[in-house]
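Descriptive structure summary
The lines below spell out each chain.
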Amino acid sequence: MKIWLDGGLKDIETARVSVFDHGLTVGDGIFETVKAVDGRLFALTRHLDRLTRSALGLGLPAPDHDEVRRACAAVLEANPMPLGRLRITYTGGQGPLGSDRGEHGPTLVVALGETSRRPDSTAVITVPWTRNERGALTGLKTTSYAENVVALARAHERGASEALFANTVGQLCEGTGSNVFVVLDGEIHTPPVASGCLAGITRALTVEWTGAKETDLPLDVLERADEVFLTSTLRDVQAVHRVDDRELPGAPGPVTAKAMRIFEERSGDDLDPGPGIRLPWTRRAG
């Protein structure tokens, strides 16, 4: 296995990042996860745009997109696999012990790991902890992920693959690594970015391609929604068959199944979709 580290490919056994790297000591870093299918990346341009937004939001220098693309291509060529999770990590670089940044410049790591296709449906739980929709890191994809680690461990303890958060005012927000959609009376809804959720790449494409509505939703909408589904880079569109103790029999339901088909078809037709036009969504699934 080879990874890209600060300018070139390195063997995984010999690649080294300083123990004083700000990404390690204080979580001062950002990242993107990109789906790789047979050596080809999906929606890389959108991921790089978000990487830049996250960098600027943290006050880091904007990453060089050409360099990141070269790194991705080199890692993909060096590690062939049918389905992979490519991770781009960009940190504040070596710094002092504390929150002040150093002057060494950012660290860039690109790595690839093999993964498998997700099941068509999954179970989720809700957790008592909240997302802060007004925090300094809100909407940024940072390496400060310990909150997600704790929540996801709780989900696994309860036989689920994802944990869902409300925000500080009790609105449905997001999962640890996914966005959440609900179907109400045949219409698809998802929390707006103002709820504090990450502006997911798969979320945005699903909204564009299905005409889903961005709606402020109370957390208890999960108790009455006709259907629930998740979106993320590696899940694509995935139905939910259980929320806490509530079973949703027949998942994926007809609206979710249609959304799954649309996403599979559209993503297969265009590996690097740019900003698109919202398409009309009919209330009747077909």
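For the structure given in this document, a descriptive report is provided here. In this text, all values refer to a predicted model and were calculated from it rather than measured experimentally.

1. Observations concerning helix α2 (residues 44–58)
If you check α2, its first and last C-alpha atoms are 21 Å apart, about what 15 residues at 1.5 Å a residue would give, namely 21 Å. Looking only at α2, the buried set comprises Leu44, Arg46, His47, Leu48, Arg50, Leu51, Thr52, Ser54, Ala55 and Leu58. Glycine 59 sits one or two residues past α2 and shows a positive phi near 85°.

2. A short note on the packing of helix α5 (residues 201–210) against helix α6 (residues 254–269)
Here α5 crosses α6 at 105°, and the two axes come no closer than 10 Å. Considered as vectors, α5 and α6 are oriented roughly perpendicular to each other. Touching Thr202, Leu205, Thr206, Trp209 and Thr210 of α5 are Ala259, Ile262, Phe263, Arg266 and Ser267, all from α6. The class makeup of the residues in the contact of α5 with α6 is five nonpolar, four polar and one charged.

3. Some thoughts on helix α4 (residues 146–157)
Think of an α-helix as 3.6 residues a turn; residues three or four steps apart then line up on the same face. Its 12 residues place the ends of α4 17 Å apart at the C-alpha level, agreeing with the 16 Å of an ideal helix rising 1.5 Å per residue. All of the buried residues along α4 are Asn148, Ala151 and Ala155. Taken end-on, α4 shows its buried residues confined to a sector of 70°, consistent with a single buried face. Away from its buried face, by an angle of more than 90 degrees, α4 presents the exposed residues Ala146, Val149, His156 and Glu157. Along its buried surface, α4 packs onto β7 (121–131) and β8 (162–167). Following α4 by one or two positions, glycine 159 has its phi on the positive side, about 75°.

4. A few points about the packing of aromatic side chains
Applying the stated rule across the entire model yields four aromatic pairs. Considering the side-chain rings of phenylalanine 42 and phenylalanine 263, the 6.1 Å spacing of their centres and the 70° angle between planes classify their relative orientation as edge-to-face. You can see phenylalanine 42 sitting in the loop between β4 (40–41) and α2 and its partner phenylalanine 263 sitting in helix α6, a full 221 residues away along the chain. On the basis of relative accessibility, which here comes to 3%, the residue phenylalanine 263 falls in the buried class. The cationic tip of lysine 35 hangs over the ring face of phenylalanine 42; the distance from NZ or CZ to the ring centre is 5.4 Å. Sitting over the ring of phenylalanine 165, arginine 131 keeps its end group 4.0 Å from the ring centre.

5. Some thoughts on the sheet that holds strand β6 (residues 107–114)
The six strands lie next to each other as β2-β1-β6-β5-β3-β4, forming an open sheet whose pairing is antiparallel. Two strands in the sheet have a free side with no partner beyond their single neighbour: β2 (8–11) and β4. Two elements, strand β1 (residues 2–5) and β2, share four bridges in a ladder whose sense is antiparallel. Of the residues in β2, the one forming a bridge with lysine 2 is aspartate 11. Where α2 meets the sheet, its contacts fall on β3 (29–37), β4 and β5 (83–91), and the angle it forms with β3 comes to roughly 175°.

Rules behind the numbers
Numbers given for residues are sequential positions, taken from 1 along each chain in its written order. Reporting in this predicted model follows two pLDDT cut-offs: at least 70 for local features of residues, and 80 or more for side-chain atom pairs to be given and counted; totals over whole chains, interfaces and linings ignore these cut-offs and use all residues. Based on all heavy atoms of the structure, the side-chain values leave hydrogens and waters out of the count. Helix numbering and strand numbering both begin at the N terminus, where a helix is a DSSP run of H or I of at least 4 residues and a strand a DSSP run of E of at least 2. By this rule, a helix spans an expected 1.5 Å times one less than how many residues it contains. The buried label goes to any residue with under 20% of its type's maximum accessible area, the exposed label to any with over 50%, and the partly exposed label to all in between, with areas taken from a 1.4 Å probe on protein chains only. Helix axes are fitted to C-alpha atoms over the stretch in contact, other axes to C-alpha atoms as well, and angles between N-to-C directions run from 0 to 180 degrees. We call two directions roughly parallel when the angle between them is under 35 degrees, roughly antiparallel when it is over 145, roughly perpendicular when it lies between 65 and 115, and oblique otherwise. Here a residue-residue contact requires only that any non-hydrogen atoms of the pair lie within 4.5 Å. Residue type decides the class: Asp, Glu, Lys and Arg count as charged, Ala, Val, Leu, Ile, Met, Phe, Trp, Tyr, Cys and Pro as nonpolar, and the leftover types, Gly among them, as polar. Throughout, the arc means the angular range of directions from the helix axis out to the C-beta atoms. Ring pairs shown here join Phe, Tyr and Trp side chains whose ring centres sit within 6.5 Å, with only the six-membered ring taken for Trp; geometry is labelled stacked below 30 degrees between planes, edge-to-face above 60, and tilted in between. Charge over a ring is defined by NZ of Lys or CZ of Arg lying within 6 Å of the ring centre and within 35 degrees of the ring normal. If DSSP finds at least two bridges between two strands, the strands pair.

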